[in-house]
Structure formats: C-alpha cells, structure tokens
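# Observations on the model geometry
Below are the chains, spelled out letter by letter.
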Amino acid sequence: MAFRFGILLGVRSSPTPRQILAAAIIGAVLCGVTIAWAVPQQSGEANKAAARSVQSAARSTPQQSSGINAPSSARTGLNIVVLDPAHGGTDQGARGTEGISESDEILQFAAATKKALEAQGFQVILTREGNDNPSFDDRSARANAQRGAVFITMHIASTGLTGTARVYVEPDAPQPNNITGLIPWDRAQTPFLSLSRKMGELVQQELSKRFKGSPDTLQTAPVRQLRTTAAPAIAVEISSVAVKERTELDRMVPGVAESIARGLSDFRPTYVVPTIPVPGGSVQP
Amino acid sequence: MSPKWTVWLGGVLLAAVIAAALYFPALRRQVNKAKVLTEKTAEQARRELLPIAPVSTGDPMVKVKMFWGSRGQEGELLPVIVELPLSRDPGLRAKQVLNTLLAGPVDAESRTLPPDAALLAFYILPDGTAVADFSDEIRTSIPSGIQSEQLAVESILRTLEANVPQVLRLKILIHGQEADTLAGHVDLTQLFRVNAKDAAGTQLDNPSPPGSLLPAPIRKAVDKMRRATKR
C-alpha cells in the first residue's frame, strides 16, 4: 500500500535531498496555515481566561522561584473561588412546595454566582455541576488543592424567614499543637478562621442590604463542610424551600449572586495567606 | 310460604340491615385504629419498650430551665422554666431533662427536636464527657438546614448546661453509631463543649479510666475521640 502511494506521489523508496527539502517546506506551510486558521476561532471569554491565567502565573512566578524563603506578601492574592452547591445525587437536601429540592435549586444559585464572580475577574471552580454528590472531603479537597482560594458552600434551608439569607462560619477552635507545619485534615479550617470571619462579615453585609430581614451579623455553626477546608470558608444559607411558589426563590438568584460577588471583591484586598505557628517560627500552609 | 312468614322474614332482614348500618361505622373505626397500630416502626416499638427516664416519687420538685425555640425571634432559643421531679444522680437527671426537651413545649412551633425522636441512652464518664444516643428520627424527621440543626444541638447543650453541671462535654450518637452530621449540615464528629468552664483542647489530655460500663459501640466511639484529640 505504501509503495502504491509512493508511486502516486512520485516518491521513490530512497528520496533525494531535494525531495526531502520540498516535503519539509510543504509541511511548514501547512502548519502555519493551520495555526493562522485556529487562533482567531478562540472566543473572547477564552482569551480573557487565558490572559487571567497568564497574569496569575506572572504573579505567582517570583514566589515560586524564590523558594521557601519567599516573603509572605508574595503569597497574597485571592484568585480562585470554589463554589460548593450542597447535596446532590440521592441526597436531595431540603424538600419543599412544588417539588422543590434543595440539591436542584441550589445549582441555579451556584451558576449565577459563578457568572457574577467571573465578571469580577475571579476564577471559579464548582464542586459539582450535575446531579452527583461528592463526599465532604472531596469537596474540601477542591479548595485545599488550590493556592489563593476561598470556599463557599451554598444551601437552601427548609426553615427561616422566606427571602432571607445567612452566612455561617466555624466556631472558634484552639490552634492544633503543631511541630511539622502541616495542617491536620480534620482541623484544616482552624488557621483560616479569622479570614473566614472577615469574608463572612463582608458577604453578610451585602446580603442584609439586599434581603430585608436577614441578620446584620454572621452566625457561627459547626458546619461539617467547613471543618476540613484549608482556605477561608463560609456557608451561605438561603430561606427557604418552603416558599409558596418556586418563583419566590428564583427571584433571589441574582441578588444572592451579586451579594457574594461584591462581598468577595471587598474581601480581595485583605486576603493574606495565614501562617501556622510552629516551634521556632511560623510557616504558611 | 304463607304471607305471615313472608312478613316475619322481611322484618328480620330489615332488622339485620339496620343493625349492620349501625355497627359498620364502629367496625371501620376499629379497623383504622388497628391499622395505625400495625404501622408502627420498629424504632417506635423499641422506644415504647425502653424505660423513659425513671421518675421516682421521692425525687424533689426542681425548677429547671429548658431551651426551646423562640416564636418571636427567628433562630433564637428562649429559656422556659418548668417544674419537674429531678433525680440527684447526674445521669438520670440528664435523661429526665432531655426527655422533657424532646416531649417539647406546649406550642409546637417552638420545638427544636422532632416529636418522634427519642433518647435511647445517656452516659456520663468520670471526666465529665457525656454520650447521648438518640433514635434515628432525630436525623430523619428534623427540618433540613444549618439553622434548624444548629438550633436542635444548641437546645440540647444549653439545657444540659443549665441543669446538669457535671456534664462538661457531649458526644451525640445516632442509633448507637457515630454520625458525620445531624442531617447533612451540623458536624457531629466532634465533642461539643457544654460547660463554659471546660478548657477546650485540654479536656482529654489526662483522661480518666475508660468507661468500662459503656456498651461496646459507644466505648469504641469514645476511644476513637480520645485518640483523635491526642493526635
């Protein structure tokens, strides 16, 4: 078969140097045409994302090259938001009128919040996009694997004043006795508590401006999802699935999304990766 | 058949029809009642067999502070003073107050715990660590959400704090097992601080001898907690 194609193209079994040169030129021209055709096809969004990732890389390069003695200021910068639409799969969460299930409805809130955050220049990672149910640890791992990330777990309650939203952070906990500088997985949130509170306060302020009847201050609760997250982390809970009509919840979607995006934009300049005290100094997680 | 007999037969049949019409509604009520009884879950049956916190007639009447939900303020607890015959034994006392908490206030909207949930067991270790084992309904019947679950746990903790000072820390189990969360939100893997005097993080550094009187699964859970805290 190869021999027949060789005849067809006029190529002999041992090509001359002139034929090799001609083949190389044709190959180079074809490659150039392909690249020139492919590049303009990229969407504007993809270009923006590419630009952001390059900027992000540029920001992170000095600290990476400077190794472990990098100054802490080099590791500042909030770039990534991990959004966690709660429940999913067989776990439907709260169930309300008109067949509303928390696990489905919260996906709408997460998608709108993602858009609002991306408009503010954040990179957003969702812990789930369909009807699956990652474990608590898998969800935390999405944030723990990132540098310069925050984590927001989103819920809809079955109780509470309809049309309100609350922000929760983990209660105070003693710093783990640490000699290694490693964060114990089951107490991963502890070093980030003060940052979580700061972020929570800013998001709660925005939510209470937008949704009358929401508390002015953030709440504390031992939310399981937050405990294993090694990043500033909050839980946002919207009330409630017990609305008279589904549209009442749908109307809250843009407001919740904008409030979270604004809160995080306000939080962004204050974000600094905390240090963990160890004997003889401190280390950053 | 003579006309006389026909009249008699007709009369008897009419009487039978009237008697049946009167009896059938009562029969239906009895059938419905029997149906409800047979629909009882195994958990409910078990709970009925379990002794509710023993109340001795010799126990003194004590004013206890119960923490139920506040109707006026969303997500808040309100202390309610109730007079109860309470044992001096901390374990029995804790069972009595928790059963009263589960029985709920007069106003159903102020409930913090599901009405069909039950306290299956309660133990206090010598170091002040207590273990409360609730039936599965505390997980399946509670309204889902951070606020409602937090309120449920807080009402248990604050009621114990107000009435059983010997309890310093509480581990909540569901049906004898350690649970990750109450109903998907509030973390149950940790010990809850009950008494503010308790120094968090140091409470299990010098544990008293393990509670050998505890049932095996609960002892296992407590041992696991101790190991986790030491780590």
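This next bit is on the overall build of chain B. Regarding its fold elements, chain B presents six helices and seven strands. Seen in sequence order, chain B has helices and strands lined up from the N terminus as α-α-β-β-α-β-β-α-α-β-β-β-α. For chain B, the residues scored as buried account for 42% of the 231 residues in total. Of the accessible surface of chain B, which amounts to about 12,900 Å², a share of 60% is contributed by carbon and sulfur atoms.

Residues and elements named next belong to chain B. A cluster of nonpolar residues, Tyr23, Phe24, Leu27 and Val31, forms a patch on the protein surface that exposes about 390 Å² of accessible area. You can see Tyr23 is positioned in helix H1 (residues 3–38). Take Tyr23: its relative accessible area is 46%, and that puts it in the partly exposed class.

Before going further, it helps to spend a moment on the interface of chain A and chain B. Facing the 24 residues of chain A at the interface are 20 residues of chain B. Taken over both partners, the interface formed by chain A and chain B buries close to 1,700 Å², and the fraction arising from carbon and sulfur atoms is 52%. The largest per-residue losses of area from chain A upon contact with chain B belong to Pro222, Arg224 and Arg227 of chain A, which jointly make up 26% of the total buried on that side. Put simply, chain A and chain B have two salt bridges between them. A salt bridge links Asp187 of chain B to Arg227 of chain A; the shortest N-O distance between them is 2.4 Å. Taken together, the elements giving at least two residues each to the side of chain A that touches chain B come down to strand E3 (149–157), strand E4 (164–169), helix H7 (224–227) and strand E6 (233–239) of chain A.

This next bit is on the pattern of salt bridges. All names here are of chain A. Throughout the structure, instances matching the rule amount to 15 salt bridges over all chains. The partner of Lys114 in a salt bridge is Glu118, and the shortest N-O contact between them spans 3.1 Å. On the criterion of helical spacing, the pair formed by Lys114 and Glu118 is a turn pair, its members being four residues apart in helix H4 (residues 102–119). You can call Lys114 partly exposed: its relative accessible area is 24%. Here Glu118 falls in the partly exposed class, since its relative accessible area comes to 26%. A salt bridge links Lys209 to Glu206; its shortest N-O distance comes to 3.4 Å. In this pair, Lys209 and Glu206 are both assigned in helix H6 (residues 193–210), three residues apart and thus about one turn of the helix distant.

Residue and element names in this part refer to chain B. Tracing the sequence through the fold places Phe134 in strand E4 (residues 129–134). On the accessibility criterion, Phe134 (0% relative accessible area) is buried. Expressed as a C-alpha distance, the spacing of Phe134 and Gly176, which sit 42 residues apart in the sequence, is 7.7 Å. With near-sequence residues (within four places) excluded, Phe134 lies in contact with Leu98, Leu102, Ala118, Leu119, Leu120, Ile156, Ile172, Leu173, Ile174 and His175.

Before going further, it helps to examine the nonpolar core. Most often, soluble globular proteins keep nonpolar side chains buried together rather than apart. Residues Phe109, Ile152, Met154, Ile238, Val256 and Leu264 of chain A are the most contacted members of the largest nonpolar core, which totals 43 residues. At the level of elements, strand E1 (80–85), H4, strand E2 (123–126), E3, E4, H6, E6 and helix H9 (253–267) of chain A are the ones that each hand at least two residues to this core. When residues in this core are grouped by element, the largest group, seven residues, is from H9 of chain A. Not counting residues up to four positions away in its chain, the partners in contact with Ile238 of chain A are Ile106, Phe109, His155, Ile156, Ala157, Thr164, Ala165, Leu249, Met252 and Val256 of chain A. Judged by nonpolar contacts, the second largest core, of 35 residues, contains Trp68, Leu113, Phe122 and Leu188 of chain B.

Residue and element names in this part refer to chain B. The topology assignment puts Ala183 in the loop between strand E6 (177–178) and strand E7 (192–193). Distance from Ala183 to Gly145, taken between C-alpha atoms, is 7.8 Å for residues 38 residues apart in sequence. When neighbours within four sequence positions are excluded, Ala183 is seen to be in contact with Arg139, Ile142, Ser144 and Glu149.

With that settled, the discussion passes to the packing of aromatic side chains. Residues and elements named next belong to chain A. Inspection of the entire model under this criterion finds one aromatic pair over all chains. Consider the rings of Phe267 and Tyr271, whose centres lie 5.9 Å apart with planes at 75°: the pair is edge-to-face. One exposure class covers both Phe267 and Tyr271, and it is buried. Across the ring face of Phe122, the terminal group of Arg268 is positioned such that the distance to the ring centre comes to 4.1 Å.

Residue and element names in this part refer to chain A. A sheet is described by the order of its strands in space; here six strands give the open sequence E2-E1-E3-E6-E4-E5, paired in mixed fashion. A single partner strand is all that each edge strand has here, and the edge strands are E2 and strand E5 (219–220). One ladder, built from two bridges, connects E4 with E5; its direction is parallel. Pairing of Tyr168 across the sheet is with Gln219, part of E5. The sheet contacts of H4 involve E1, E2, E3 and E6, and relative to E3 the element is tilted by about 145°. Contacts between H6 and the sheet are confined to E3, E4 and E6, with E4 contributing the most and set at about 175° to the helix.

So, how was this worked out
Residues numbered from 1 in each chain as written. Chains lettered and ligands numbered in written order. Predicted model: local features only at pLDDT ≥ 70, side-chain atom pairs only at ≥ 80, totals over all residues. Heavy atoms only, no water. Helix = DSSP H or I, 4+ residues; strand = E, 2+ residues; numbered from the N terminus. Buried < 20%, exposed > 50% of the residue type's maximum accessible area, 1.4 Å probe, protein only. Areas by Shrake-Rupley, 256 points an atom, 1.4 Å probe, with all protein chains shown as cover. Patch = residues over 30% accessible without salt bridge, like charges linked within 9 Å, V, L, I, M, F, W, Y side chains within 5 Å. Salt bridge = Lys/Arg side-chain N within 4 Å of Asp/Glu carboxyl O. Contact = heavy atoms within 4.5 Å. Buried area = accessible area lost by both parts, 1.4 Å probe. Core = buried A, V, L, I, M, F, W, Y, C linked by side-chain atoms within 4.5 Å. Phe/Tyr/Trp six-rings, centres within 6.5 Å; stacked < 30°, edge-to-face > 60°. Lys NZ or Arg CZ within 6 Å of the ring centre and 35° of its normal. Pairing = 2+ DSSP bridges. Axes fitted to C-alpha atoms, helices over the stretch in contact; angles between N-to-C directions.

By themselves, these are just geometric observations and shouldn't be taken as functional.
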